[in-house]
Amino acid sequence: MRLTIRRRAGRRAALLAVGAMTASLLLTAPQQATAGPPNLLSNPGFETAGAAGSDMPSCWSKSGWGDNDFTFSTVADAHGGTKAMKVSLTRRVNGDRKALVTENSTCAPTVTPGKQYDLSAWYKSNTPDVSVTVFRRDTTAGWQYWTDLQNPPVSAAWARTEVRTPAVPPGTDKIAWGLSVYGVGTLTTDDYALEEVGAVPPQPACSGTAEECAKGKWQVIPAQNPVRSMHAVVLKNGKVLLIAGSGNDIAQFNAGTFTSAVYDPANGSFKTIPTPVDMFCAGHVQLADGRVLVMSGNKGYPSADGKIGYQGLKDSYTFDPTTEKYTRTNDMNGGHWYPSATILGNGDVISFGGLKEDSTGNVTAEKFSAAQNKWLPMNEVNQTWSYWGLYPSMILMQDGRLFYSGSHTFGNGTPGTGASIYDYDANTITDVPGLRNKDERDESASVLLPPAQDQRVLTIGGGNNERNPAANRLTDVIDLKQPSPAYTAGPPIPQGLVDQGQGKRPQTGAEGKMFVSAVLLPDGKVLETGGGLHDRADPVFEASFFDPTTNTYQAGLATDPIPRTYHSASFLMPDGRVMSVGDNPGNGTYNHNVSIYTPPYLFKGARPQITSVIDTQWVYGDTQRITVNRPVAKAELIRPAAVTHSSDPNQRFVDLPMTVDGTTIDLNVTSNPNLAPPGWYMLFAVDANGVPSIATWVHLGGPSALAATQEQPSAHEHTFADELGPAKDNPAKRDSAPVAPSVAGCDRHYGTANVCVPTRFPAEVRETTKARCDWLASHTYPKRLKVNGSDPLRLDPDRDGYAC
């Protein structure tokens, strides 16, 4: 599973002539963002010798790492002038070598945060394992690796490579860069240039009200969701699959009525889809071909006496967006109610956790083989016999390992620090430190922050459905590129209004939210929205943007007027808006209203357009050409959502470094399928004001995604989570882990299975019959809840068999 991919020697670069249309665009386009003199590099052609005794030209240093044999030499085979730099690797186990601009105040050019720069060089190479590598100096933290921007193809003759940097991050005053070689072969370079991109973007014009331009706008659409959806998947055609199964309605379960619907944003219609089994609380993920793999679901509801909890199905299906039909696959090895689902770099899917058919915790890993289109037998899947909980958030790392972020649904998390790294090949689990209040991250959300290349994960909010304290405001961020990654504290979630049954009031103190949604947006920010103060109760009306560049929240956005707590979902649509569905509080009701959020960036005037995409079938390591109608600052791939219960571990935003020639842009596609697992993606182009285009759908894949035994894809994995502590001892082989039937936080002695009377009421509710009954009434629970057997919460003082 820990993939190491070597770039193909022959890049399938879709750099075809774009004809008269492109020529016309170039003639009529507005002023372009172009780079030009002066060249900010000192000694760009190696013509000035270094200080006495130095064997490198002035302002250039030998750089690199790893186990390899190499030579540096200044040669006369120059592109311009009389000197060039030749770097050769004759043996390589790992690592890279490069001539790098010297990281000091004299040689490293000064840059301006927020600006972009074009980097170029002339080169010759006989290896495809070359990358344009950039470092930056943070004014607080010092020099650090920034990014790899491009993989120039093999060229026997002198060729020019050019690529544009992302906007320089805040706190950066200098950058240094060079061409790295990380495969056996020779690289010769000359005539480097670093030029500031000059055109200043026009000031955005507000096309809405002042409030809309600052906060965005929510709209509740006229059509209602026809099903009690628990799951939402954005399909490769832009439609949305909404899965309900029985919809947490035991009457529907007993009747065998299981439903799904497909929403078409183009015309606002919903189409009900026949659904073969109860996919309520299943797992789901898009496969590489765009089908949706739906695994497990609900075999049975808890018993009336509370002795048996929810039971998981073994069943598994794929949903085809073209035919809009489910097709059964082979069964999983066991039931997994609330399973994880993570697609790997080779297109396989791995799943952990959930509840078995007998309501115990499932301790077996399951793997779906993309090549064989089936779940593998248990003896063909590495097993640690560990119980990962319910909907554990398992995020694919750039080297194929999995990061368990500590986010889950129900329960108290895993032993240890609450977060860990799982190495499938070594079959080891290693804790990582720093996650605060690890046993109060139930119903939190975790996302891989934009861009995926930065390998930073954000975890926000959560609580504990068993003890039912007020949800927290915690934000924790971890940088997985560090040798010993650890969570660090981020800013607290902004507060809003909470409705506890007596009308909305401002949140106070440490009150936060659980069942929060986190949505990656094309401008690179994260929309945080929805959630509640307690498990399945007390909706919070608040929304904010988290900015990964500054690690800050922008508070005070427009708020969804519809409560969005348990069984709600928010997700990005291809037009750049966000859709929100669902809300299933403990009283058993369901909110069928659908909300659409228009972010402020869509009130900043006309949006850029992708006017042509030469090829929509992309291969790892490609250069792909697009044209746009006006200058853009960045382009990216965003994987479409597959979300439930605040969990979407496959959500990711993959930066596409650009080489810009007016409105013709060459996009450099990552060669690492662990950064962008194979499948369909939304391609956005975004201007300097953060305004995105409408997405174009492209498919990323190719033979390299299946190669599991080749060279490392990146020149910079030498500091990547390689100094972890000792791995934990795996449990002995076992059939399951004990899980209390009350894991869902509901006392089953009252009402029906889809009504959740909390096992523990919020702390402010006195432990008296009156106080508890008042709380149930204020939260619109049914007035006559049948008592099933005993009355542990003392809700039936007159013993007539009904609560309150």
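Residues numbered from 1 in each chain as written. Predicted model: local features only at pLDDT ≥ 70, side-chain atom pairs only at ≥ 80, totals over all residues. Heavy atoms only, no water.

1. Brief notes about the state of the cysteines
- Per the counting criterion, the structure on display carries four disulfides.
- Shown here is the disulfide that connects Cys-59 with Cys-107, its sulfur atoms set 2.1 Å apart. Looking down the S-S bond of the Cys-59 and Cys-107 bridge, the torsion is -75 degrees, so its handedness is left-handed. Linking Cys-59 in the loop between α1 (19-28) and β1 (60-65) with Cys-107 in the loop between β4 (96-101) and β5 (117-125), this pair joins segments that are 48 residues apart in sequence. One exposure class covers both Cys-59 and Cys-107, and it is buried. (Disulfide = S-S within 2.5 Å. Helix = DSSP H or I, 4+ residues; strand = E, 2+ residues; numbered from the N terminus. Buried < 20%, exposed > 50% of the residue type's maximum accessible area, 1.4 Å probe, protein only.)

2. Overview of the sheet that holds strand β53 (residues 679-686)
- The five strands are arranged β46-β54-β53-β48-β50 in an open sheet whose pairing can be described as mixed. The two strands at the open ends of the sheet, each matched to only one other strand, are β46 (617-619) and β50 (653-655). Ignoring which end each strand starts from, the neighbouring axes of this sheet average 35 degrees apart.
- Two strands pair when backbone bridges link them, and β46 and strand β54 (residues 696-701) are joined in this way by three bridges, in the parallel orientation. Bridging across to β54, Val-619 finds its partner in Gly-701. (Pairing = 2+ DSSP bridges. Axes fitted to C-alpha atoms, helices over the stretch in contact; angles between N-to-C directions.)

3. Thoughts on the pairing of strand β47 (residues 623-628)
- Extensive coverage of β47 is indicated by the burial of six of its six residues.
- Bridge count between strand β45 (residues 610-613) and β47: three bridges; the pairing is antiparallel. Within β47, the position partnered with Ser-612 by the bridge is Thr-627.
- Taken together, the five bridges between β47 and strand β52 (residues 664-668) define a ladder with antiparallel strand orientation. Its bridge partner being in β52, Arg-625 is matched across the sheet by Asp-666.

4. Description of empty space enclosed by the protein
- Tallied over the entire structure, the rule returns seven cavities of 30 Å³ or more.
- Approximately 140 Å³ is the volume found for the largest cavity.
- Taken together, 20 residues line the largest cavity, and the ones lying closest to its centre are Ala-518, Ser-570, Val-643, Asp-648 and Gln-651.
- When residues of the lining of the largest cavity are traced back to their parent elements, those giving at least two are β30 (445-448), β36 (517-520) and β42 (569-572).
- For the lining of the largest cavity, the leading source of residues is β36, giving four residues.
- A per-class count over the lining of the largest cavity returns twelve nonpolar, six polar and two charged.
- By volume, the second largest cavity is sized at about 80 Å³.
- Looking at the second largest cavity, the residues that line it are Ala-282, Gly-283, His-284, Pro-339, Ser-340, Ala-341, Tyr-391, Ala-642, Thr-644, Ser-647, Pro-649 and Asn-650.
- Its residues assigned to classes, the lining of the second largest cavity shows six nonpolar, six polar and no charged. (1 Å grid on protein atoms, 1.4 Å probe; cavity = no way out; pocket = protein on both sides within 12 Å on 5 of 7 lines; lining within 4 Å. Points joined across faces, edges and corners; volume = space filled by probe spheres on them. Nonpolar A, V, L, I, M, F, W, Y, C, P; charged D, E, K, R; others polar.)

5. Some remarks on the environment of Lys-504
- For Lys-504, the position within the fold is in strand β35 (residues 504-506).
- Taking the C-alpha atoms as reference points, Lys-504 and Val-619, separated by 115 residues in sequence, lie 51 Å from one another.

6. Some points on the side chain of Asp-264
- Along the chain, the position of Asp-264 falls in strand β14 (residues 259-264).
- Look at Asp-264: it is buried, it has no salt bridge, and the nearest opposite charge is Lys-239 at 4.3 Å.
- Aside from chain neighbours lying at most four places away, what touches Asp-264 is Lys-239 and Ser-269. (Lys, Arg positive; Asp, Glu negative; His and termini not counted. Salt bridge = Lys/Arg side-chain N within 4 Å of Asp/Glu carboxyl O. Contact = heavy atoms within 4.5 Å.)

7. Quick word on the sheet that holds strand β31 (residues 456-460)
- With respect to topology, four strands assemble into an open sheet ordered β30-β31-β32-β33, the strand pairing being antiparallel. Each having just a single partner strand, β30 and β33 (487-489) make up the two edges of the open sheet. Taken over all neighbouring pairs, the strand axes of this sheet differ in orientation by 25 degrees on average, direction set aside.
- In this sheet, β33 lies alongside strand β32 (residues 475-479) in antiparallel orientation, the contact comprising three bridges. If you follow Val-477 over to β33, its bridge partner there is Thr-488.

8. Focus on the packing of aromatic side chains
- Within this structure, the stated rule accounts for 31 aromatic pairs.
- Look at Tyr-422 and Tyr-424: their rings are 6.4 Å apart centre to centre, the planes differ by 90 degrees, and that puts the pair in the edge-to-face class.
- Judged by relative accessible area, which is 1%, Tyr-422 ranks as buried.
- Classification of Tyr-424 by relative accessible area gives buried; the value is 6%.
- Residues Phe-546 and Tyr-553 carry aromatic rings whose centres are separated by 5.2 Å and whose planes lie at 70 degrees to one another, so their mutual orientation is edge-to-face. Just as Phe-546 is buried, Tyr-553 falls in that class too.
- Every member of this aromatic cluster is reached through a ring pair, and the members are Phe-253, Phe-258, Phe-280, Tyr-301, Tyr-310, Trp-337, Tyr-338, Tyr-391, Phe-410, Phe-515 and Tyr-566.
- Sitting above the plane of the Phe-541 ring, Lys-504 keeps its charged end 4.0 Å from the centroid. (Phe/Tyr/Trp six-rings, centres within 6.5 Å; stacked < 30°, edge-to-face > 60°. Lys NZ or Arg CZ within 6 Å of the ring centre and 35° of its normal.)

9. Notes on the pairing of strand β6 (residues 130-138)
- In terms of residue burial, β6 counts as a mostly covered element, since eight of its nine residues are buried.
- In this structure, β6 lies alongside strand β9 (residues 172-181), joined through nine bridges in antiparallel fashion. Bridge pairing in β9 links Ser-131 to Ser-180.
- Adjacent in sequence and paired antiparallel, β6 and strand β7 (residues 142-150) are bridged by three residues.

10. Observations regarding the nonpolar core
- Core analysis: the biggest nonpolar cluster contains 52 residues, and Ile-460, Leu-521, Leu-527, Phe-571, Leu-572, Met-579 and Tyr-597 have the highest contact counts within it.
- What Met-579 contacts, discounting residues up to four positions off in sequence, is Val-240, Tyr-263, Ala-569, Ser-570, Phe-571, Met-573, Val-594, Ser-595 and Ile-596.
- By size, the runner-up hydrophobic cluster in this structure holds 37 residues, among which are Val-654, Val-669, Ala-676 and Leu-683. (Core = buried A, V, L, I, M, F, W, Y, C linked by side-chain atoms within 4.5 Å.)

11. Here we look at the layout of surface pockets
- Of the voids in this model, the second largest pocket is the one considered here, and its volume is about 540 Å³.
- Tyr-387, Gly-389, Gly-413, Thr-414 and Pro-415 are the residues nearest the centre of the second largest pocket, which is lined by 27 residues in total.
- Partitioned by chemical class, the residues of the lining of the second largest pocket number 13 nonpolar, ten polar and four charged.

12. A few points about the pattern of salt bridges
- Scanning the entire structure with this criterion turns up 35 salt bridges.
- The residue Lys-271 makes a salt bridge to Glu-324 at a minimum N-O spacing of 2.9 Å. Note that Lys-271 is positioned in strand β15 (residues 269-274) and Glu-324 in the loop between β20 (316-320) and β21 (325-328), a separation of 53 residues in sequence.
- Judged by relative accessible area, Glu-324 falls into the buried class, the value being 9%.
- Here the residues in one salt-bridge network are Asp-67, Asp-69 and Arg-91, joined through shared partners.

13. Considering helix α4 (residues 769-778)
- Within the span of α4, buried status applies to Ala-771, Arg-772, Cys-773, Trp-775 and Leu-776.
- Along its buried surface, α4 packs onto β39 (537-541).
- In the stretch just after α4, Thr-780 is the one whose phi turns positive, near 55 degrees.

14. Considerations on the confidence of the model for the protein chain
- Averaged over every residue, the pLDDT of the protein chain is 92; the share at 70 or more is 93%.
- In the model, residues 1-30 has pLDDT below 50 throughout and makes 98 contacts with residues more than four positions away in sequence or in other chains.
- Note that pLDDT drops below 50 for residues 705-713; the model gives that stretch 30 contacts with residues more than four away or on any other chain. (pLDDT = per-residue confidence, 0-100.)

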